[in-house]
Amino acid sequence: VVAAVAEEHQATLDFVRAAVGQTTAPINSYFALVADDPSIQIVTDAQKWYVEGILEGSDYGGIPVLSAGAPFKAGGRGGPEYYTDVPAGEIAIKNVADLYLYPNTVRAVLLNGAQVKDWLEMSANMFNTIDPAADGEQALLNPDFPSYNFDVIDGVTYRVVVTQPPKFATDGTVANPGSSRIVDLAFEGQPIDPEQMFVVATNNYRAGGGGKFPHLDGSNVIVEAPDTNRDVIVRYLIEKGEIDPSADGNWSFAPVEGAAVTFESGPAAQAYLEGRTDVELSGTNEAGFAVYRLDLGAVPVN
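Keep in mind that this is a model prediction, so the values were computed, not measured. (Residues numbered from 1 in each chain as written. Predicted model: local features only at pLDDT ≥ 70, side-chain atom pairs only at ≥ 80, totals over all residues. Heavy atoms only, no water.)

Caption draft 1: Highlighting the environment of Arg-77. Note on placement: Arg-77 falls in the loop between strand 3 (65-69) and strand 4 (85-86). In sequence terms Arg-77 and Pro-146 are 69 residues apart; their C-alpha atoms lie 9.5 Å from each other. (Helix = DSSP H or I, 4+ residues; strand = E, 2+ residues; numbered from the N terminus.)

What follows is the structure, given as structure tokens:
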């Protein structure tokens, strides 16, 4: 059997190892759950580019396009080595598969500003509620909330208040109607208009109700593309040739003074601590994860 498929097997390896673009800096997901991150930025940029091309000249062509993406490889049950880590230089198809694990297809939904905010409120279930008056270290990340449900929406800017309880329960019902973790939500530098319409590029899982996000049940899908999100990233890289994977810093935490907040990431993340003023190594836990302290009063470095 090995001999019979040897030629096809080698051709497949050559295909996935072939370069489709260049990156001027490393791309990793070690800090994707605590700061705006280049591994998500590439995905959201590619989706926005693709959906805008589809909508050009259509009835939706004049509506602003936002783009939602989440980190797929961010530790958790996958273990301390389960992170995206692409070195600077050539990006091959196998690297794109590492950035985007699932065979999702591109979708776009039509939402207003208030619904975009609710999407982000649901995404903020990634974080535990932090008590600034508590003694001792507090874990920032909720281990029961999957990283693939932590959507970052690019095209708007916002801050997350982790001292507030989450507005939504994980089943999508309203748990704390008076809570608002998402603050300073803005579009093009101005507070977002709750009634303004937006197109949000995403995937078929989220657009069809995956994760039980509010307002996402398949009824407001305006684009059902045949292409996978992974293929769109490949096409985007080929189109651009070379990319600068720096995140644009469109989201951050609202400052919390005095709280000792920690998060887990891979031990290999230590190689990327240089220049960061908001993160420092605390130790290693029994599962092999490195534990890092996060200063929520510091300015993050992307």
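Caption draft 2: Geometry of the layout of surface pockets. Put simply, the largest pocket is a space of about 660 Å³. A total of four residues in the lining of the largest pocket trace back to one element, the largest contributor, which is strand 16 (residues 260-265). Broken down by class, the residue content of the lining of the largest pocket amounts to 21 nonpolar, eight polar and three charged. (1 Å grid on protein atoms, 1.4 Å probe; cavity = no way out; pocket = protein on both sides within 12 Å on 5 of 7 lines; lining within 4 Å. Points joined across faces, edges and corners; volume = space filled by probe spheres on them. Nonpolar A, V, L, I, M, F, W, Y, C, P; charged D, E, K, R; others polar.)

Caption draft 3: Summary view of the sheet that holds strand 11 (residues 190-191). The strand order 11-10-9-15 describes an open sheet built from four strands, whose pairing is mixed. In this open sheet, the two edge strands, each paired with only one partner strand, are strand 11 and strand 15 (251-253). The strands that helix 4 (residues 113-123) touches are strand 9 (157-160) and strand 10 (182-187); relative to strand 10, the one it contacts most, it runs at about 135°. (Pairing = 2+ DSSP bridges. Contact = heavy atoms within 4.5 Å. Axes fitted to C-alpha atoms, helices over the stretch in contact; angles between N-to-C directions.)

Caption draft 4: Representation of the sheet that holds strand 3. Taking strand neighbours across the sheet as the criterion, the five strands line up as 8-3-12-6-13 in an open arrangement whose pairing is mixed. The two strands at the open ends of the sheet, each matched to only one other strand, are strand 8 (152-154) and strand 13 (221-228). Direction aside, the axes of adjacent strands within the sheet are offset by 25° on average. Taken strand by strand, helix 2 (residues 38-55) contacts strand 3, strand 6 (105-112), strand 8, strand 12 (197-203) and strand 13, and its axis lies near 140° from that of strand 3. Where helix 6 (residues 229-240) meets the sheet, it contacts strand 6, strand 12 and strand 13, and its direction lies at approximately 75° from that of strand 13.

Caption draft 5: Focus on the nonpolar core. Trp-119, Phe-127, Leu-140, Tyr-158, Val-160, Val-162 and Phe-253 are the most contacted members of the largest nonpolar core, which totals 54 residues. When residues of this core are assigned to their parent elements, the largest contribution, four residues, is made by helix 4. Once residues lying within four places of it in the same chain are set aside, the contact partners of Tyr-158 are Leu-120, Asp-151, Val-152, Ile-153, Ile-182, Val-183, Asp-184, Leu-185, Asn-250, Trp-251 and Ser-252. Core analysis: the next-biggest nonpolar cluster, separate from the first, contains 28 residues, Val-65, Phe-72, Leu-237 and Ile-243 among them. (Core = buried A, V, L, I, M, F, W, Y, C linked by side-chain atoms within 4.5 Å. Buried < 20%, exposed > 50% of the residue type's maximum accessible area, 1.4 Å probe, protein only.)

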